[in-house]
Amino acid sequence: MAEWADSKTWSNRLVFIALAFVLIVLDLVPLDMRPSLWAAPDVLLAATLAWVARKPSYVPVFIIAMIMLLTDFLFLRPPGLWAALVVVLSETIRRQHREFRTMPFLVEWGTIAFGIVAITVINRIVLVVVMAPVAPLAPTLIEMVATILVYPIVLIAAHFVFGVSRMSPGEVGSKGQVL
């Protein structure tokens, strides 16, 4: 059964979608045309995981799936693979959102880092098995580590800029339901 959300939740969903589009455009704009071994972090992945860990109602699965599928097409990745892996990871985190309320930050960061490593490795294994073109290993590992390292910065920005903070244990929704 679908859960109807209040106007604050819907406005935060729209903010997340707008943020996702801004991050996608920034990723698509070539800032430097020289070849490099450096790979920028996947800030959209870090933001998605931060929002799911802190306020899961703000980013429902269909929004994550649509945005990640769009990025698969725009970044010329095999359509659906990365999107599916991100959806599985975000839903795993969503199921644990009650534990994230009281979890120390380093444990949360470690959990997110483990998830990012897992989906990166699974993505690479699937691409190798189906003999799809695979990016070089070094930039892939650099992007993975950079994404893990940028997660705390994304969390700070989500908290102070967008008001996405940790849910308190007794927090209730607009209709009085315990979250």
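1. Some thoughts on the packing of aromatic side chains
The relative placement of two aromatic rings is captured by the distance of their centres and the angle of their planes. Taken as a whole and judged by the stated rule, the model has four aromatic pairs. Ring plane angle 55° and centroid distance 5.2 Å describe the contact between Phe16 and Trp51, whose orientation is recorded as tilted. With Phe16 in helix α1 (residues 7-28) and Trp51 in helix α2 (residues 43-54), the pair connects residues that are 35 residues apart, well separated along the chain. For Phe16, a relative accessible area of 2% gives the class buried.

2. Thoughts on α2
The first and last C-alpha atoms of α2 sit 16 Å apart over 12 residues, in line with the 16 Å expected at 1.5 Å per residue. For α2, every residue scored as buried is listed here: Leu44, Leu45, Ala46, Ala47, Thr48, Leu49, Ala50, Trp51, Val52, Ala53 and Arg54. Buried positions along α2 lie against α1, α3 (61-74), α4 (81-95), α5 (97-102), α6 (105-129) and α7 (137-160).

3. Remarks on unusual backbone geometry
Positive phi outside glycine occurs at Leu76, with the angle close to 55°. Mapping Leu76 onto the fold places it in the loop between α3 and α4. What makes Leu76 exposed here is its relative accessible area of 76%. Phi at Met131 is positive, roughly 60°, even though this residue is not glycine. Since its relative accessible area comes to 74%, Met131 is described here as exposed.

4. Observations regarding α3
Between its terminal C-alpha atoms α3 stretches 20 Å, which fits the 20 Å expected from 14 residues at 1.5 Å a residue. Of all the residues in α3, the buried ones are Ile63, Ile64, Ile67, Met68, Thr71 and Asp72. Along the long axis of α3, the arc covered by the buried residues comes to 170°, so they all point the same way. Immediately beyond the C-terminal end of α3, within one or two residues, lies Leu76, with a positive phi of roughly 55°.

5. A few points about the nonpolar core
If you look at the biggest cluster of nonpolar residues, it comprises 43 residues, and the most contacted ones within it are Leu49, Trp51, Ile93 and Tyr151. Contributions of two or more residues to this core are made by α1, α2, α3, α4, α6 and α7. Among residues more than four places away in sequence, those in contact with Tyr151 are Ala46, Leu49, Ala50, Ala53, Phe105, Glu108, Trp109 and Ile112.

6. Here we look at the packing of α4 against α6
Across the interface, α4 lies against α6 with an axial gap of 10 Å and an inter-helix angle of 155°. Between α4 and α6, the crossing angle belongs to the class labelled roughly antiparallel. For the pair α4 and α6, the sense of crossing is right-handed. Judged by residue contacts, Leu81, Trp82, Leu85, Val86, Leu89 and Ile93 of α4 engage Ile112, Gly115, Ile116, Ile119, Thr120, Ile122, Asn123, Val126 and Leu127 from α6. A per-class count over the contact of α4 with α6 returns 12 nonpolar, three polar and no charged.

Criteria and thresholds
- Residues numbered from 1 in each chain as written.
- Predicted model: local features only at pLDDT ≥ 70, side-chain atom pairs only at ≥ 80, totals over all residues.
- Heavy atoms only, no water.
- Phe/Tyr/Trp six-rings, centres within 6.5 Å; stacked < 30°, edge-to-face > 60°.
- Helix = DSSP H or I, 4+ residues; strand = E, 2+ residues; numbered from the N terminus.
- Buried < 20%, exposed > 50% of the residue type's maximum accessible area, 1.4 Å probe, protein only.
- Expected span 1.5 Å × (residues − 1).
- Contact = heavy atoms within 4.5 Å.
- Arc of directions from axis to C-beta.
- Core = buried A, V, L, I, M, F, W, Y, C linked by side-chain atoms within 4.5 Å.
- Axes fitted to C-alpha atoms, helices over the stretch in contact; angles between N-to-C directions.
- Parallel < 35°, antiparallel > 145°, perpendicular 65-115°, else oblique.
- Left-handed = near helix turned anticlockwise from the far one by under 90°.
- Nonpolar A, V, L, I, M, F, W, Y, C, P; charged D, E, K, R; others polar.

Note that all results are geometric; they support no functional claim without further evidence.
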